[in-house]
Amino acid sequence: MREKVKQLIENATEFIKNSENVAQINDLRVKYLGKAGEITGLLKGMKDVPADQRAEVGKYVNEARDKVTAMITEKLAQLEQKALEAKMMKERIDITVDNVDANRGSLHPCTLVIDEVLDIFTNLGFKVAQGPEMETDMFNFQLLNIPKDHPSRDMQDTFYVGEDLLLRTQTSAVQARTMLNTQPPIKLVCPGKVYRPDYDATHSPMFHQIEGLVVDKHVTLTDLKGLLDLFAKTLFDSETKTRFRPSYFPFTEPSVEVDVTCAVCHGKGCKICKGTGWIEILGAGVVNPKVLDRCGIDSKKYSGLAFGLGVERIAMIKYGIPDIRILFENDSRFLKSFK
Ligand code: FA5
């Protein structure tokens, strides 16, 4: 019996030593220690060993079981460690390799324009303010001197959500919100999405505007001209000229529309500027005193200037984009060109 157990341990040692993977080790565990395993069989057969030898035989059969169990456990740990090392080698990342094919994202041209415009004005001491996209009739129209049923409402077609609730048509709504809560001096820019039921090559149902507002003592049309001329020269280039044309907005008096010399042909006339050499970029004016008073600012003491530009319009001029709809198709080939 002793010889048989000795032989069993030698065989098991050899098999375990030579096993190459976890599956083989598990097979050996079944072969020796499983329900019908060889060592289990010896333990079961102890009842047939003569009583005077049982203690001694029992001792070395138990020793054989402990030894084989220890060898299997140790080999299993070795194999698992080896497998882990191999996996780590295979998945090793060389962080020094320049991954030129990486599909990196890029900022949308509208985001680039918004960032640039806000940069220009914050460098001039303007604060950034925001308001809700779903607005009340009061802030979008009435406080801005556009009463209900007034013909000037036709200037901005509107998506109504309820009787007094709408998707804001202009970021000018943030002007009214701010003036109601703040006393001058006020110097702010308000970027955001606005909505109108328009759809063609230069008009989109959702687009972005940036509103500008300055309220202080002695603010005049001359300040507006100087500010917007500096803005245009910084945004496009120092050769850019501005032109102020009389216009009408109920919330400014006088009102102007501001054109810049075409960034593509520099005023010579091309397809983008329809041969005129000029492109309109925004609406502006001196804040109507009625609006100041309605928003709780004394129009005898203070005056203001305001302007509102279309972000998509600026992006189209800056990047030579012929159709506004291209900006919303999200074709990744187009977007990647702004990296
Ligand atoms: C306004 O919205 C005024 N609130 C601007 C303003 C602010 C005037 C403060 C005076 C004082 P207007 O409707 O012109 O004005 O729109 C301003 C700009 O938004 C336009 O110059 C144009 O660039 C852009 N815009 C207007 N409608 C659309 C549209 N459907 N799609 C894309 N851009 C548009």
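Model, not experiment: these values are computed from the prediction. (Residues numbered from 1 in each chain as written. Predicted model: local features only at pLDDT ≥ 70, side-chain atom pairs only at ≥ 80, totals over all residues. Heavy atoms only, no water.)

1. Topic: the nonpolar core
Then, number 1: Core analysis: the largest hydrophobic core is formed by 45 residues, its most contacted members being Phe231, Leu282 and Phe307.
Then, number 2: In terms of residues, this core owes the most to one element, helix H5 (residues 109-123), which gives seven residues.
Then, number 3: The residues contacting Phe307, other than those within four sequence positions of it, are Phe121, Val189, Ile210, Glu211, Gly212, Leu224, Leu227, Leu228, Leu282, Gly283 and Ala284.
Then, number 4: In terms of nonpolar packing, the next biggest core, distinct from the first, is built from 25 residues, Leu143, Ala173, Phe251 and Ala306 among them. (Core = buried A, V, L, I, M, F, W, Y, C linked by side-chain atoms within 4.5 Å. Buried < 20%, exposed > 50% of the residue type's maximum accessible area, 1.4 Å probe, protein only. Helix = DSSP H or I, 4+ residues; strand = E, 2+ residues; numbered from the N terminus. Contact = heavy atoms within 4.5 Å.)

2. Details of the packing of helix H1 (residues 2-18) against helix H4 (residues 51-90)
Then, number 1: Relative to each other, H1 and H4 sit at 0 degrees, their axes nearing to 10 Å. The angle between the axes of H1 and H4 places the two elements in the roughly parallel class. Along the contact surface, H1 presents Arg2, Val5, Ile9, Ala12, Thr13, Ile16 and Lys17, while H4 presents Glu56, Tyr60, Val61, Ala64, Lys67, Val68, Met71, Ile72 and Lys75.
Then, number 2: Considering only residue class, the contact of H1 with H4 consists of 10 nonpolar, one polar and five charged. (Axes fitted to C-alpha atoms, helices over the stretch in contact; angles between N-to-C directions. Parallel < 35°, antiparallel > 145°, perpendicular 65-115°, else oblique. Nonpolar A, V, L, I, M, F, W, Y, C, P; charged D, E, K, R; others polar.)

3. Overview of the site of the ligand
Then, number 1: Around the ligand lies a shell of 25 residues, among which Gln170, Ser172, Arg196, Asp198 and Ser204 are the nearest.
Then, number 2: Ser172 is positioned such that a nitrogen or oxygen atom in its side chain is 2.9 Å from a nitrogen atom of the ligand.
Then, number 3: Here an oxygen atom of the ligand sits 3.0 Å away from a polar atom, N or O, in the side chain of Gln209.
Then, number 4: Alone, the ligand offers 680 Å² of accessible surface; in the complex the protein occludes 95% of this.
Then, number 5: Mapping the ligand onto the cavity grids shows that it belongs to the largest pocket.
Then, number 6: Of all the elements in the fold, those that place two or more residues in the shell around the ligand are helix H7 (172-181), strand E5 (206-216), strand E8 (278-287) and strand E9 (303-310).
Then, number 7: In the shell around the ligand, the residues fall into eight nonpolar, 12 polar and five charged. (Near = heavy atom within 4 Å. Polar contact = N/O pair within 3.5 Å; in protein donor to acceptor, adjacent residues only side chain to side chain. Areas by Shrake-Rupley, 256 points an atom, 1.4 Å probe, with all protein chains shown as cover. 1 Å grid on protein atoms, 1.4 Å probe; cavity = no way out; pocket = protein on both sides within 12 Å on 5 of 7 lines; lining within 4 Å. Sits in = over half its atoms within 2 Å of the grid points.)

4. Overview of the sheet that holds E5
Then, number 1: Ordered by their spatial adjacency, seven strands build an open sheet running E1-E4-E5-E9-E8-E7-E6, and the pairing between neighbours is mixed. Two strands in the sheet have a free side with no partner beyond their single neighbour: strand E1 (127-128) and strand E6 (242-249).
Then, number 2: Of the pairings in the sheet, the one linking E8 to E9 comprises five bridges and is antiparallel in character. Note that in E9 the partner of Gly285 across the bridge is Ala306.
Then, number 3: Against the sheet, H5 engages E1, strand E4 (186-195), E5 and E9, with an angle of about 5 degrees to E5.
Then, number 4: Sheet strands touched by H7: E4, E5 and E9. Its angle to E5, the strand with the most contacts, is close to 35 degrees. (Pairing = 2+ DSSP bridges.)

5. A short note on the layout of surface pockets
If a probe as big as a water molecule is rolled over the atoms, it shows which places are left empty.
Then, number 1: The calculated volume of the largest pocket comes to roughly 640 Å³.
Then, number 2: Along its surface, the largest pocket is lined by 34 residues, and Arg196, Phe207, Gln209, Glu280 and Gly308 are the ones closest to its centre.
Then, number 3: Listed by contribution, the elements that provide at least two residues to the lining of the largest pocket are H7, E5, E6, strand E7 (252-261), E8, E9 and helix H10 (311-319).
Then, number 4: Among the elements that line the lining of the largest pocket, the one with the most residues is E8, at six residues.
Then, number 5: Size it by volume and the second largest pocket reaches roughly 450 Å³.
Then, number 6: Surrounding the second largest pocket, 17 residues form its lining, Thr202, Ile272, Cys273, Lys274 and Ile279 being those nearest its centre.
Then, number 7: Counting residues per element, the ones that place at least two in the lining of the second largest pocket are E8 and H10. (Points joined across faces, edges and corners; volume = space filled by probe spheres on them.)

6. Some remarks on a nonpolar patch on the surface
Then, number 1: Residues Met134, Val161 and Leu165 make up a contiguous nonpolar surface patch of about 240 Å² in total accessible area.
Then, number 2: Tracing the backbone shows Met134 in strand E2 (residues 134-136). (Patch = residues over 30% accessible without salt bridge, like charges linked within 9 Å, V, L, I, M, F, W, Y side chains within 5 Å. Salt bridge = Lys/Arg side-chain N within 4 Å of Asp/Glu carboxyl O.)

7. Thoughts on the domain arrangement of the chain
Then, number 1: Structurally, the chain comprises domain 1 (2-90) and domain 2 (109-336).
Then, number 2: Once you take the C-alpha centre of each, domain 1 and domain 2 turn out to be 83 Å apart. (Domains from an automatic or database assignment.)

8. Focus: the pairing of E7
Then, number 1: Here E7 lies mainly inside the structure; eight of its 10 residues are buried.
Then, number 2: Examined bridge by bridge, E6 and E7 share seven bridges and lie antiparallel to one another. Within the sheet, the bridge partner assigned to Arg243 lies in E7 and is Asp259.
Then, number 3: Taking the residues between adjacent antiparallel strands as the criterion, E6 and E7 are bridged by two residues.
Then, number 4: With eight bridges connecting them, E7 and E8 associate as antiparallel partners.

9. Re the side chain of Ser172
Then, number 1: Within the secondary structure layout, Ser172 lies in helix H7.
Then, number 2: Residue class for Ser172 comes out buried when judged on its relative accessible area of 4%.
Then, number 3: There is a polar contact of 2.8 Å between the side chain of Ser172 and the side chain of Glu211.
Then, number 4: When sequence neighbours within four positions are dropped, the list of residues in contact with Ser172 reads Leu144, Glu211 and Phe251.

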